[in-house]
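Breakdown of the fold
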Amino acid sequence: MEETTVQNPAEEAVRIPLLKRAIFTILGILILATGVSAVTIANLGTATVSTVPFVLNYLGLGTIGMLEMGINLVTLVIQLILLKGRMKPLVILVQVLLAVGIGVGIDAIMPVLQTLLGTSYLSHLVMLFFGIVMTGLGISFMVQSQMMMPLDALVDLLARINGKSFGFVKTIFDVGLTAITCVIGLVFAHTIVGVREGTVLCALLCGLVSNLFIRLLRPILKMA
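Only a predicted model underlies this, so the values are computations on that prediction, with no experimental measurement involved.

1. Focus on the overall build of the protein chain
Counting its secondary structure elements, the protein chain contains nine helices and zero strands. Taken over the C-alpha trace, the protein chain has a radius of gyration of 17 Å; the compact-globule value for 224 residues is 17 Å, and the two agree within 12%. Reported as C-alpha extents along the three principal axes, the dimensions of the protein chain are approximately 55 × 40 × 25 Å. Within the protein chain, the proportion of its 224 residues that are buried is 48%. Pairs at least 24 apart in sequence give 78% of the contacts found in the protein chain among residues at least 6 apart. Accessible surface, the protein chain as shown: approximately 11300 Å² in total, 73% of it carbon and sulfur. Distance from the positive charge centre (13 side chains) to the negative charge centre (10 side chains) of the protein chain: 8 Å.

This is the structure we're talking about:
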């Protein structure tokens, strides 16, 4: 039987100019952390990838940022299992740093944005759309630097192993995370936590916004 030789996408990224990639990655993490924080504190339903950390935070098991970091580290371990440990140490280090960066960033930025949030539904809606725009912008920086958060890298790896498109696997993955969140909420809090209209808007708009920014910023952020 032919052995699987699927390579993690971050393997190719290490060949891109280091300084540019580092700058765009750091900016991407900071902007993405701002987007996730804004969507979360809007309290109208968080983004799909943050639903599990949100419900665990609701149950008092940690901060959103630390739980987000934990989820990403778990997905890194799953990648290592699927690749049977065939991942370069530098790639592992980069993914760990990305996970830590997004976790620390969220916990640092969220209290600042909280002071800007009003009490009306409109102010929460404005914060939600601000978060969606910032999330899309952050993703565009990460794409340009060819760096993925461990969670997205796992989705990409699963897509490559199974010969499916990233979008197809991502959809299944997101639905699975949402379902897990609903189950956790119903079992431990007797209600659905973190899944509301904002979750639907994030699912519909984040990809469109990120694609728009990628097209607009590609000439400026070209990695050549």
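2. Regarding the side chain of Thr 75
By the secondary structure assignment, Thr 75 is in helix α4 (residues 64-82). Judged by its relative accessible area of 5%, Thr 75 is buried. A polar contact is formed between the side chain of Thr 75 and the backbone oxygen of Asn 72, at a distance of 2.6 Å. Leave out the neighbours within four places in its chain, and Thr 75 touches Pro 150, Leu 151 and Leu 154.

3. Here we look at the confidence of the model for the protein chain
Counting all residues, the mean pLDDT for the protein chain is 86, and 91% of those residues have values of 70 or more. Element-level pLDDT for the protein chain is lowest in helix α1 (residues 10-13), with a mean of 50, against a maximum mean of 95 in α4.

4. What to know about the environment of Pro 219
Structurally, Pro 219 can be placed in the segment after α9 (197-217). Overall, the relative accessible area of 63% leaves Pro 219 in the exposed class.

5. Some thoughts on helix α2 (residues 18-42)
With 25 residues, α2 extends 36 Å from end C-alpha to end C-alpha; this agrees with the ideal 36 Å at 1.5 Å per step. Looking one or two residues beyond α2, the residue adopting positive phi is Asn 43, at roughly 60 degrees.

6. Focus on the pattern of salt bridges
For the structure on display, the rule yields four salt bridges. Between Lys 170 and Asp 152 there is a salt bridge, with its nearest N and O atoms 3.2 Å apart. With Lys 170 in helix α8 (residues 166-189) and Asp 152 in helix α7 (residues 150-162), this residue pair connects regions lying 18 residues apart in the sequence. Take Lys 170: its relative accessible area is 17%, and that puts it in the buried class. Residues joined by salt bridges that share partners form a network here, namely Asp 152, Lys 170 and Asp 174.

7. Let's talk about the layout of surface pockets
A volume near 1100 Å³ is recorded for the largest pocket. Lining the largest pocket are 40 residues, and of these Val 49, Ile 139, Asp 152, Phe 166 and Lys 170 lie nearest its centre. Among the elements that make up the lining of the largest pocket, the one with the highest residue count is α9 (eight residues). If you add up the space inside the second largest pocket, you get close to 230 Å³. Broken down by element, the residue count for the lining of the second largest pocket peaks at six residues, all from helix α5 (residues 89-114). Residues of the lining of the second largest pocket, tallied by class, amount to ten nonpolar, two polar and one charged.

8. A short note on the packing of α2 against helix α6 (residues 121-144)
For any two helices packed against each other, the geometry is given by the interaxial angle and the distance between the axes. At a minimum axis separation of 7 Å, α2 and α6 run at an interaxial angle of 155 degrees. By the angle class used here, α2 and α6 are roughly antiparallel. Our pair here, α2 against α6, has a crossing hand that is left-handed.

9. Some words on the environment of Ile 31
Structurally, Ile 31 can be placed in helix α2. Judged by relative accessible area, Ile 31 falls into the buried class, the value being 13%. When the C-alpha positions of Ile 31 and Phe 141 are compared, they lie 8.7 Å apart, and in sequence the two are 110 residues distant. When sequence neighbours within four positions are dropped, the list of residues in contact with Ile 31 reads Met 134, Leu 137, Gly 138 and Phe 141.

10. A look at the nonpolar core
Nonpolar side chains in soluble globular proteins generally cluster together in the buried interior. Grouped together as the largest cluster of nonpolar side chains are 43 residues, with contacts concentrated most on Leu 98, Ile 106, Leu 128, Ile 132 and Cys 202. The set of elements that each furnish at least two residues to this core consists of α2, α3 (51-58), α4, α5, α6, α8 and α9. Looking at this core, the element that brings in the most residues is α2, giving ten residues. Those residues in contact with Cys 202 that sit more than four places away from it in its chain are Val 39, Ala 47, Leu 128 and Ile 132. Among the nonpolar cores identified, the runner-up in size contains five residues, and Leu 83, Met 87, Val 91 and Leu 157 belong to it.

Here is what the cut-offs are and how they apply
By convention here, each chain's residues receive numbers from 1 onward along its written sequence. Residue-level local features of this predicted model are given only where pLDDT is at least 70; pairs of side-chain atoms are given and counted only at 80 or more, and the full residue set underlies all totals for whole chains, interfaces and linings. Processing note: side-chain calculations cover all non-hydrogen atoms of the structure and skip hydrogens and water entirely. Under the DSSP-based scheme used, a helix requires at least four consecutive residues in state H or I and a strand at least two consecutive residues in state E, with every element numbered from the N terminus. Radius of gyration here is computed from C-alpha atoms only, and the compact-globule reference equals 2.2 Å multiplied by the residue count raised to the power 0.38. Classification of residues uses two cut-offs on accessible area relative to the type maximum, computed with a 1.4 Å probe and protein chains only: under 20% is buried, over 50% is exposed, and between them is partly exposed. A contact between two residues is defined here by any heavy atoms of the two lying within 4.5 Å. Each accessible area value is a Shrake-Rupley result obtained with a 1.4 Å probe; residue values ignore everything except the protein chains displayed when judging cover. Positive residues here are Lys and Arg, negative ones are Asp and Glu, while His and the chain termini are left out of the count. In plain terms, the charge of a residue is placed at NZ if it is Lys, CZ if Arg, CG if Asp and CD if Glu. Polar contact criterion, stated in full: a pair of N or O atoms within 3.5 Å, where within protein one must be able to donate a hydrogen and the other to accept it, and residues adjacent in sequence count only if both atoms are side-chain atoms. The predictor's confidence in any single residue is recorded as pLDDT, a number from 0 to 100. Multiplying 1.5 Å by the residue count of a helix minus one yields the expected span of that helix. The rule for a salt bridge is simple: a side-chain nitrogen of Lys or Arg has to be within 4 Å of a carboxyl oxygen of Asp or Glu. Of the two site types, the cavity is a set of points on a 1 Å grid over the protein atoms alone where a 1.4 Å probe fits but cannot get out, and the pocket is an open set with protein on both sides within 12 Å along at least five of seven lines, each lined by residues with an atom within 4 Å of a point. Grid points are joined across faces, edges and corners, and a volume is the space filled by probe spheres set on the points. Each residue gets one label: Ala, Val, Leu, Ile, Met, Phe, Trp, Tyr, Cys and Pro are nonpolar, Asp, Glu, Lys and Arg are charged, and the others, such as Gly, are polar. Between N-to-C directions, angles cover 0 to 180 degrees, with each direction set by a line fitted to C-alpha atoms, over the stretch in contact for helices. Angle categories are assigned with fixed cut-offs, so that under 35 degrees is roughly parallel, over 145 is roughly antiparallel, 65 to 115 is roughly perpendicular, and the rest are oblique. Left-handed describes a crossing whose near helix is turned anticlockwise from the far helix by less than a right angle; the clockwise case is right-handed. Residues belong to one nonpolar core when they are buried, are Ala, Val, Leu, Ile, Met, Phe, Trp, Tyr or Cys, and are joined through side-chain atoms within 4.5 Å.

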